[in-house]
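# Examination of the molecular architecture
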Amino acid sequence: MIDLKKEKINDDWYEFTLSNHFMSISFLNFGGIITKILVPDKYGTKENIVLCYQDYTHYETNPLYLGAIIGRVAGRIKNATIQIQNTEYKLDQNESCHHLHGGKKGFHNVLWDFNTFQEEDGIGVTFTYTSPDGESGYPGNVNVKVTYRLTINNEFLIDYEATTDKETVLTLTNHSYFNLSGDLKNTVSDHEVTIDSSRILKLDKDLIPFDIVEDVSETEFDFRRGKLLQEGFVSHNEQNQLVGCGYDHYFLFDQQTANQVIVANNDSGRIMKIKTNQPGMVMYTANGMQEGIRLNEVKSKKYLGVCFETQAPSASLWLNDLPSITLLPNETYKKQTIFSFDMVEKKK
Ligand code: FUC
């Protein structure tokens, strides 16, 4: 009924597979990388709905950040500099003069310790990692715990927890690229996305947020009533064009709906819902995806997947009125994102 398998990949790497009657999820202890989410289409054919390298050695460098846990800070940090209590910290500059996704040694390419567990209505793996003071330039020894859990109700839960011994900054996410067509049959142009958001962050040419757009009404960024992603791919909006014709923006959630994001693909009949206690997310439509890397069925190319990176905004470090990413020694960072899967036909 509900099952957990562990397969050895090499000396240090294992691939875990959680499965129930409907679906299965596979991931590595390296980077907590999700390699497969198999979900049936409307004919009952189970196919992979996330991007995965054909050659697993590509995960060692993971230029596309496929499927990985991202930290300590997901997103970009302007000029790779943070200021905490009057002390300036210089972080790894891994994207021109800026810092992206935790730097060269981010959580996406460390080996995580693991523990498996079984519960009445679910099964899972807990990953732990201690990031030492000064790693990638960040202050504080940080203990991180990330739990992946599959329930009998077709929910995939990711729970994040972290503590620090010194004031620091932290916001974690997962960088899976979804493609509900199944086994990468099509791009994500025909995916219909609904987002509970009326505010986004406006980007400069380095993709660094510099302003808050307070009302997205009647723009390509208004997903409140559902929109095909291709509208943003062909749009004349300078914010779509700036990121390579698509989306690579932070959406602040309005917290008006039960699920913050709903993704539907009519052709395959698959639907995915996302519910989180994070204040927003970056939606990235793989506009800048490096081309030609062998994924399972095809080679990587523009628009082949879409990431929904639930997180607090790193831009809160330099813009006012945004949810903070500060973590203090006496608190526990606790965030959860739930992905649930269904069939379009069942949509009420
Ligand atoms: C996303 C984007 C970036 C980047 C990366 C691989 O999070 O915000 O632009 O290209 O992933």
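Before reading further, recall that the structure is shown in the block above.
The structure reproduced in this document is the subject of the present report. (Residues numbered from 1 in each chain as written. Predicted model: local features only at pLDDT ≥ 70, side-chain atom pairs only at ≥ 80, totals over all residues. Heavy atoms only, no water.)

### A closer look at the side chain of Arg 72
Quick reminder of the rule: Helix and strand definitions here come from DSSP, where helices need a minimum of 4 consecutive H or I residues and strands a minimum of 2 consecutive E residues; each element is numbered from the N-terminal end. Three labels apply to residues, based on accessible area from a 1.4 Å probe with only protein chains included: buried if under 20% of the type maximum, exposed if over 50%, partly exposed otherwise in between. This count recognises Lys and Arg as positive and Asp and Glu as negative, with His and chain-terminal groups excluded. Just to be clear on terms, a salt bridge is a Lys or Arg side-chain nitrogen sitting within 4 Å of an Asp or Glu carboxyl oxygen. Counting of polar contacts relies on pairs of N or O atoms within 3.5 Å, with two restrictions inside protein: one atom must be capable of donating a hydrogen and the other of accepting it, and residues adjacent in sequence are counted only when both atoms are side-chain atoms.
Its location among the elements puts Arg 72 in the loop between strand S6 (69-70) and strand S7 (76-77). This buried residue, Arg 72, is left without a salt bridge; Glu 135 holds the nearest opposite charge, at 5.0 Å. At a separation of 2.9 Å, a polar atom in the side chain of Arg 72 contacts the side chain of Ser 131.

### Re the nonpolar core
Applied cut-off: The nonpolar core is taken to be a set of buried Ala, Val, Leu, Ile, Met, Phe, Trp, Tyr and Cys residues, with the residues joined through side-chain atoms within 4.5 Å.
Residues Ile 37, Met 283, Phe 308 and Phe 341 are the most contacted members of the largest nonpolar core, which totals 59 residues. Here the element with the most residues in this core is strand S13 (residues 142-151); it accounts for five residues. Core analysis: the next-biggest nonpolar cluster, separate from the first, contains 33 residues, Leu 51, Val 282, Met 289 and Leu 319 among them.

### Some details on the side chain of Glu 135
Going by this rule: Contact criterion: two residues are considered in contact whenever any of their non-hydrogen atoms come within 4.5 Å of each other.
Topologically, Glu 135 is positioned in the loop between strand S12 (122-131) and S13. Apart from residues no more than four positions distant in its own chain, Glu 135 is found in contact with Arg 72, Lys 105, Phe 107 and Tyr 129.

### Describing the sheet that holds S13
Here is the rule we go by: Only strands that DSSP links by at least two bridges are regarded as paired with each other.
An order of S11-S12-S13-S14-S28-S24-S23-S18-S21 is seen for the nine strands of this open sheet, with the pairing classed as antiparallel. Every other strand in the sheet has two partners, leaving strand S11 (113-118) and strand S21 (227-228) as the edge strands with one partner each. Two strands pair when backbone bridges link them, and S12 and S13 are joined in this way by 10 bridges, in the antiparallel orientation. Looking at S13, one finds that Tyr 129 is bridged to Val 144.

### Digging into the site of the ligand
This is how it is decided: Any residue with at least one heavy atom within 4 Å of a molecule or strand is counted as near it. For cavity detection a 1 Å grid was placed over the protein atoms alone, and a set of points counts as a cavity when a 1.4 Å probe fits there but cannot get out; an open set counts as a pocket when protein lies on both sides within 12 Å along at least five of seven lines, with lining residues being those that have an atom within 4 Å of a point. Occupancy of a cavity or pocket is assigned to a molecule whenever over half of its atoms lie within 2 Å of that pocket's grid points. Under this grouping Gly is polar, as are all residues other than the nonpolar Ala, Val, Leu, Ile, Met, Phe, Trp, Tyr, Cys and Pro and the charged Asp, Glu, Lys and Arg.
Around the ligand sit Tyr 65, Arg 76, His 101, His 175, Tyr 177, Leu 207, Asp 248, Tyr 284 and Glu 309, and that is every residue in its neighbourhood. In the model, an oxygen atom of the ligand is placed 2.7 Å from a nitrogen or oxygen of the His 175 side chain. One nitrogen or oxygen atom from the side chain of Glu 309 is found 2.8 Å from an oxygen atom belonging to the ligand. Its atoms largely coinciding with the cavity grid, the ligand occupies the largest pocket. For the shell around the ligand, the class distribution of residues is four nonpolar, two polar and three charged.

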